[in-house]
Amino acid sequence: MKPGAKIKLAVKGAVVEGWHIYALEQGSRGPIPLSVDVDKNAVAAADGALIAEAPVKAHDKSFGFETQYYDKDFTVEVPVQIDAKSAAGAQQIPVSVYFQSCNGKVCHPPKSVTLSAPVNVKAR
């Protein structure tokens with residue numbers, strides 16, 4: 001892709017059977033919502049709102065109100081723009097994912113994972 005190009009990175013989440021990961025939007029007093037962020041780098045920057053599959057919306061017994069979550073594998077697309085001054089060649093875009101998983105009885109503490117998306121930037 002050329003410097004200045006706009007692309008979408010696909011972040012795929014895998015959910016273990018019997019567990020769920022809370023979705024991008026939650027009530028203010030609810031579980032920790034999923035977040036996906038492009039970390040500061042010299043290759044690309046976030047360029048718009050995340051695009052996610054529709055989550056399950058259901059009453060959560062643990063919190064006593066409706067929450068949104070994924071109980072099956074899911075994908076979140078991250079719109080990014082390649083920096084106009086990005087170096088040519090193979091590059092990596094760092095992406096941080098922050099999430100909380102629960103199984104209806106137990107919630108794990110929120111966890112952060114850093115991923116890396118490979119891109120090939122063409123010469124100007």
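Residues numbered from 1 in each chain as written. Predicted model: local features only at pLDDT ≥ 70, side-chain atom pairs only at ≥ 80, totals over all residues. Heavy atoms only, no water.

### Quick notes on the packing of aromatic side chains
Point 1. Summed over the entire model, instances satisfying the criterion amount to 3 aromatic pairs.
Point 2. Between the NZ or CZ atom of Arg29 and the centre of the ring of Phe65, over which it lies, the distance is 4.4 Å. (Phe/Tyr/Trp six-rings, centres within 6.5 Å; stacked < 30°, edge-to-face > 60°. Lys NZ or Arg CZ within 6 Å of the ring centre and 35° of its normal.)

### Digging into the pattern of salt bridges
Point 1. According to the stated counting rule, one finds 1 salt bridge in the structure shown.
Point 2. When the shortest N-O distance is used, the salt bridge between Lys6 and Asp47 registers 3.4 Å. Here the residue Lys6 occupies a position in strand β1 (residues 6-13), and Asp47 occupies one in the loop between β4 (44-46) and β5 (51-52), the gap between them amounting to 41 residues. (Salt bridge = Lys/Arg side-chain N within 4 Å of Asp/Glu carboxyl O. Helix = DSSP H or I, 4+ residues; strand = E, 2+ residues; numbered from the N terminus.)

### A word on the layout of surface pockets
Point 1. Its boundaries defined by the atoms lining it, the largest pocket holds a volume of some 160 Å³.
Point 2. Lining the largest pocket are 13 residues, with Lys12, Gly13, Phe74, Val97 and Phe99 sitting closest to its centre.
Point 3. Elements that contribute at least two residues to the lining of the largest pocket include exactly β1, β8 (74-82), β9 (89-99) and β11 (111-121).
Point 4. Of the residues belonging to the lining of the largest pocket, the class tally is 11 nonpolar, 1 polar and 1 charged. (1 Å grid on protein atoms, 1.4 Å probe; cavity = no way out; pocket = protein on both sides within 12 Å on 5 of 7 lines; lining within 4 Å. Points joined across faces, edges and corners; volume = space filled by probe spheres on them. Nonpolar A, V, L, I, M, F, W, Y, C, P; charged D, E, K, R; others polar.)

### Remarks on the side chain of Thr67
Point 1. Mapped onto the elements, Thr67 comes out in strand β7 (residues 65-70).
Point 2. Not counting residues up to four positions away in its chain, the partners in contact with Thr67 are Tyr22, Gln26, Pro31, Val56, Lys57, Ala58 and Asp60. (Contact = heavy atoms within 4.5 Å.)

### Observations concerning the pairing of β9
Point 1. Two strands pair when backbone bridges link them, and strand β3 (residues 35-38) and β9 are joined in this way by 4 bridges, in the antiparallel orientation. Each bridged residue has a counterpart across the sheet, and for Ser35 the counterpart in β9 is Tyr98.
Point 2. Pairing of β9 with β11, which is carried by 11 bridges, proceeds in the antiparallel orientation. Pairing of Tyr98 across the sheet is with Ser112, part of β11. (Pairing = 2+ DSSP bridges.)

### Structural notes on the nonpolar core
Nonpolar side chains in soluble globular proteins generally cluster together in the buried interior.
Point 1. Core analysis: the largest hydrophobic core is formed by 24 residues, its most contacted members being Leu9, Leu34, Val36 and Ile93.
Point 2. Where this core is concerned, the elements lending two or more residues are β1, β3, β8, β9 and β11.
Point 3. It is β8 that contributes the most residues to this core, 5 residues altogether.
Point 4. If we skip the residues at most four places from it in the chain, Ile93 touches Leu9, Val38, Asn41, Val43, Ala44, Ile82, Leu115, Ser116, Ala117 and Val119. (Core = buried A, V, L, I, M, F, W, Y, C linked by side-chain atoms within 4.5 Å. Buried < 20%, exposed > 50% of the residue type's maximum accessible area, 1.4 Å probe, protein only.)

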